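Spelled out from the first residue to the last, the chains are:
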Amino acid sequence: MSSTRLVYRRYVDPIWKIKRALNVGSESLIKKHMKVIDDFAYGVIKAKRQQMKSMRESGEKEDILSRFLVESEKDPENMTDRYLKDIVLNFLIAGKDSSAVTMSWFFYMLCKNPLVHEKILQEIRDATGFNDSEKPEAEDFIARINDSVLDKMHYLHATLSETLRLYPAVPVVNHMLLSCFFSVSWV
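All values derive from a computational prediction rather than experimental measurement.

Caption draft 1: Local environment of the nonpolar core. Judged by nonpolar contacts, A41, I45, M52, L65, L69, M79, L84, I87, V88 and L89 together constitute the single largest core of 10 residues. Within the residue set of this core, elements represented by two or more residues are helix 3 (25–58), helix 4 (64–74) and helix 5 (81–112). In terms of residue count, the dominant contributor to this core is helix 5 (4 residues). Excluding residues within four positions of it along the chain, M52 makes contact with S66, L69 and V70. Judged by nonpolar contacts, the second largest core, of 8 residues, contains F106, I124, M153 and L156.

Caption draft 2: Representation of unusual backbone geometry. If you check the backbone angles, N23 has positive phi at about 55 degrees while not being a glycine. Mapped onto the elements of the fold, N23 is located in the loop between helix 2 (16–22) and helix 3. Using a relative accessible area of 34% as the deciding quantity, one classes N23 as partly exposed.

Caption draft 3: Highlighting the pattern of salt bridges. Applying the stated rule across the entire model yields 10 salt bridges. Among the salt bridges present, the one from D39 reaches K35, with a minimum N-O distance of 2.8 Å. Separated by 4 residues within a single helix, D39 and K35 lie in helix 3, roughly one turn from each other. Judged by relative accessible area, which is 42%, D39 ranks as partly exposed. For K85, the salt bridge identified is with D38, shortest N-O distance 3.2 Å. One end of the pair, K85, is in helix 5; the other, D38, is in helix 3, and 47 residues separate them in sequence.

Caption draft 4: Structural view of the packing of helix 5 against helix 6 (residues 114–128). For the pair helix 5 and helix 6, interaxial distance at closest approach is 5 Å and the crossing angle is 110 degrees. Between helix 5 and helix 6, the angle falls in the class roughly perpendicular. Along its contact with helix 5, which presents F106, L110, C111 and K112, the element helix 6 presents P114, V116, H117 and I120. Looking at the contact of helix 5 with helix 6, its residues break down into 6 nonpolar, 1 polar and 1 charged.

Caption draft 5: Spatial organisation of the packing of helix 5 against helix 9 (residues 154–166). Contact geometry of helix 5 with helix 9 gives a least axis separation of 9 Å together with a crossing angle of 110 degrees. Considered as vectors, helix 5 and helix 9 are oriented roughly perpendicular to each other. Helix-helix and strand crossings are classified by hand; for helix 5 and helix 9 the assignment is right-handed. Each of T102, M103, W105 and F106 in helix 5 lies in contact with helix 9, whose residues at this interface are L156, T159, L160, T163 and L164. Here the contact of helix 5 with helix 9 is composed, by residue class, of 6 nonpolar, 3 polar and no charged.

Caption draft 6: Quick look at helix 9. Taking 1.5 Å of rise per residue, the 13 residues of helix 9 would be expected to cover 18 Å, and the 18 Å separating its terminal C-alpha atoms lies within 8% of that figure. Residues of helix 9 that are buried include every one of L156, T159 and T163, and no others. End-on, the buried residues of helix 9 take up no more than an arc of 65 degrees, which puts them together on one face. Away from the buried face of helix 9 by more than 90 degrees, exposed residues H154, H157 and R165 are located. Where helix 9 is buried, its residues meet helix 5 and helix 6.

Caption draft 7: Region of interest: the confidence of the model for the protein. In this model, the protein carries an average pLDDT of 84, and 87% of its residues clear a pLDDT of 70 or more. Here helix 10 (residues 175–185) stands out as the element of the protein with the lowest mean pLDDT, 43, in contrast to helix 6, whose mean of 95 is the highest. Counted against residues more than four places away or in other chains, residues 173–187, with its pLDDT under 50, gives 2 contacts.

Caption draft 8: Broad picture of the packing of aromatic side chains. Overall, the coordinates contain 4 aromatic pairs when judged by the stated rule. With a centroid separation of 5.6 Å and 85 degrees between ring planes, the pair formed by W105 and Y108 is classed as edge-to-face. Taken together, the residues span about one helical turn, with W105 and Y108 both in helix 5 at a distance of 3 residues. Geometrically, the ring pair formed by W105 and Y167 is stacked, given 3.8 Å between the ring centres and 0 degrees between the ring planes.

Conventions we followed
Residues numbered from 1 in each chain as written. Predicted model: local features only at pLDDT ≥ 70, side-chain atom pairs only at ≥ 80, totals over all residues. Heavy atoms only, no water. Core = buried A, V, L, I, M, F, W, Y, C linked by side-chain atoms within 4.5 Å. Buried < 20%, exposed > 50% of the residue type's maximum accessible area, 1.4 Å probe, protein only. Helix = DSSP H or I, 4+ residues; strand = E, 2+ residues; numbered from the N terminus. Contact = heavy atoms within 4.5 Å. Salt bridge = Lys/Arg side-chain N within 4 Å of Asp/Glu carboxyl O. Axes fitted to C-alpha atoms, helices over the stretch in contact; angles between N-to-C directions. Parallel < 35°, antiparallel > 145°, perpendicular 65-115°, else oblique. Nonpolar A, V, L, I, M, F, W, Y, C, P; charged D, E, K, R; others polar. Left-handed = near helix turned anticlockwise from the far one by under 90°. Expected span 1.5 Å × (residues − 1). Arc of directions from axis to C-beta. pLDDT = per-residue confidence, 0-100. Phe/Tyr/Trp six-rings, centres within 6.5 Å; stacked < 30°, edge-to-face > 60°.

As structure tokens, this is what we get:
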């Protein structure tokens, strides 16, 4: 069972804090999962630091973690490795789950609406320059995808936006979190 699902189950388990204190059941599993996740995230941070040392000479393009690492050098007291680990996990978890949910609904809706499916395929063919009879290899197709090609795909953008409107990736709002936010913000 995934860590996300185990944590989500806390909503219906009134004794989860006791389980956590005793390190039993699902809370024991969460602890084991979190060790693996933490080790992975710390490994990513360590590898990025090493990569950045060589990148400084080559002048390669930075990513978001690189930018946080540069800032952490300026303020090491506040931007600790633990803080950076939380940032890494936030991006991984938020991106993976929400993207997977959105794409699942998108493909489901395409299967239910063959006319929309066909319009998207035609728009992709037109934008990439492939004709109806061509069956390009994946590498050839990927080579033609760039920002200007994506900017031409208005119908695809609209269908993805409609999918998000109909089936939001994160529909559950933690009301306890909201009440905490508002009680702190408005005091």
